[in-house]
Amino acid sequence: MTGTLYGIGLGPGDPELMTLKAHRLISAAEVVSYPAPDSGESFARSIAAGAIPADAVEVPIVIPMRTARFPAQEVYDAAAEALGAHLQAGLDVVVLCEGDPFFYGSFMYLFARLADRFEVEIVPGVTSLTACAAATRNPLCARNETLTVLPGPQSDDKLRAAMAGEGAVAILKVGRHLARLKALIASEGLMERARYVSHASLGKQHVCALADAPAKAPYFSMILIGGQDPYGTL
């Protein structure tokens, strides 16, 4: 009998936003794996730290946190091989995922490598998108409005085309692209509806109008542009 691979969504950072199912599975885990930087603490592990058993085998997946390209395929190949050995030995493996495993989550790369050989269960989590919307205290979209999710590193032309509609827009992975994104949003006449959020759900959470955003944005930041009719009509 082989073990089961669990992709566990942890939510945006506040441990209290983990689901009951996520907490239960982590608390009973035999093997716990998580993404980790090549220096410093793993954010994913810090969220779940209170639930990880003392005797669990921990397998960090070291991912360099820098702008230069790194051999990502080799990192995930090695991680899949290490986790596959535990699964083959009959041990269940829990992989901790910030936010949701399948919403811009790195777990999808392990899933692609292991799902054809082992049983896999995905446990969804509160996404950064919904956490940021809650932090702004402004409804994101209502009724039949659309929501467009965009990665900040995309080109201005692609971002401008995607923002041309009347629905709500969420721009993720803001980081070092903040100044460029602010200028683009201003040029499209959307600054009044735009909000900036960083570290949603954490003690250092910061929320403000995009026009008042700091000069530099951390990786865990997002821009939300609400829809034209956020409250709808009853």
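Refer to the structure printed above.
The paragraphs below set out a description of the structure included in this document. One numbering rule holds for all chains: residues counted from 1, following each sequence as written. Given that this is a predicted model, residues contribute local features only at a pLDDT of at least 70 and side-chain atom pairs are listed and counted only at 80 or more, while totals for whole chains, interfaces and linings are drawn from all residues. Where side-chain values are given, they derive from all heavy atoms of the structure, hydrogens and water being excluded.

Taking strand neighbours across the sheet as the criterion, the 5 strands line up as β6-β7-β10-β8-β9 in an open arrangement whose pairing is mixed. The outermost strands of the open sheet, each flanked by one partner alone, are β6 (147-151) and β9 (206-209). Direction aside, the axes of adjacent strands within the sheet are offset by 15° on average. The sheet contact formed by strand β7 (residues 168-172) and strand β10 (residues 221-225) spans 3 bridges and is antiparallel. Its bridge partner lying in β10, Val169 is registered against Ile225. Running over the sheet, helix α7 (residues 178-187) touches β7, β8 (194-198) and β10 and is turned about 5° from β10. Strand pairing is defined by DSSP finding a minimum of two bridges between the two strands. Counting from the N terminus, the helices are the DSSP runs of H or I reaching at least four residues and the strands are the DSSP runs of E reaching at least two. Helix axes are fitted only over the stretch in contact, all axes being lines through C-alpha atoms; the angle between N-to-C directions runs from 0 to 180 degrees. The contact criterion used is simple: two residues touch if any of their non-hydrogen atoms lie within 4.5 Å.

In these notes, a set of buried Ala, Val, Leu, Ile, Met, Phe, Trp, Tyr and Cys residues joined through side-chain atoms within 4.5 Å is what counts as a nonpolar core. Exposure is judged per residue with a 1.4 Å probe applied to protein chains only, and the accessible area is read against the type maximum: over 50% gives exposed, under 20% gives buried, and values in between give partly exposed. Core analysis: the biggest nonpolar cluster contains 20 residues, and Ile8, Leu10, Ile26 and Leu96 have the highest contact counts within it. Taken together, the elements giving at least two residues each to this core come down to β1 (4-9), α1 (20-27), β2 (31-36), α2 (43-48) and β4 (93-97). Of all hydrophobic cores here, the second largest spans 19 residues; its members include Leu181, Leu190, Leu210 and Ile225.

Mapped onto the secondary structure, Ser33 falls in strand β2. On the accessibility criterion, Ser33 (0% relative accessible area) is buried. Engagement of the side chain of Ser33 in a polar contact is seen with the backbone oxygen of Val59, the distance being 2.7 Å. Setting aside chain neighbours within four positions, we find Ser33 in contact with Val59, Ile61, Leu83, Val94, Val95 and Leu96. What qualifies as a polar contact is a pair of N or O atoms within 3.5 Å, subject to a donor-acceptor requirement within protein and to the restriction that residues adjacent in sequence count only when both atoms come from side chains.

Here Phe111 lies in helix α4 (residues 107-114). Judged by relative accessible area, which is 30%, Phe111 ranks as partly exposed. Residues Phe111 and Ala80, spaced 31 residues apart in sequence, show a C-alpha to C-alpha distance of 8.8 Å. If we skip the residues at most four places from it in the chain, Phe111 touches Phe102, Val120 and Ile122.

In this section: the pattern of salt bridges. Note on definitions: salt bridges are taken to be side-chain nitrogens of Lys or Arg within 4 Å of carboxyl oxygens of Asp or Glu. With the rule as written, the count across this model stands at 6 salt bridges. Of the charged contacts in the structure, one is a salt bridge between Glu58 and Arg45, with a shortest N-O distance of 2.8 Å. Of this pair, Glu58 sits in strand β3 (residues 57-62) while Arg45 is found in helix α2, placing the two residues 13 residues apart along the sequence.

So, about the packing of aromatic side chains. Here a Phe, Tyr or Trp ring, Trp counted by its six-membered ring, pairs with any other such ring whose centre lies within 6.5 Å, and the pair is stacked when the planes are under 30 degrees apart, edge-to-face when over 60, and tilted otherwise. Tallying each qualifying case throughout the model produces 6 aromatic pairs. Between Phe43 and Phe220, the ring centres sit 5.0 Å apart and the planes meet at 55°, which makes this aromatic pair tilted. Residue Phe43 is found in helix α2, and its partner Phe220 is found in the loop between β9 and β10; the two are separated by 177 residues along the sequence. In this structure an aromatic cluster arises from ring pairing among Phe43, Tyr219 and Phe220.

Let us look at the environment of Phe118. Along the chain, Phe118 turns up in the loop between α4 and β5 (119-123). For Phe118, a relative accessible area of 6% corresponds to the buried category. Residues Phe118 and Ser198, spaced 80 residues apart in sequence, show a C-alpha to C-alpha distance of 37 Å. Among all residues touching Phe118, those that are not within four sequence positions of it are Thr2, Gly3, Gly84, Leu87 and Gln88.

Here we take up the sheet that holds β3. Spatial ordering of the open sheet is given by β3-β2-β4-β1-β5, a layout of 5 strands whose pairing is parallel. Looking at which strands have only one partner, the edges of the open sheet turn out to be β3 and β5. The sheet shows a mean angle of 20° between the axes of neighbouring strands, taken without regard to direction. The sheet contact formed by β1 and β4 spans 5 bridges and is parallel. Note on β4: the bridge partner recorded for Ile8 is Leu96. The strands touched by α1 are β1, β4 and β5; relative to β1, the strand with the most contacts, the crossing angle is about 135°.

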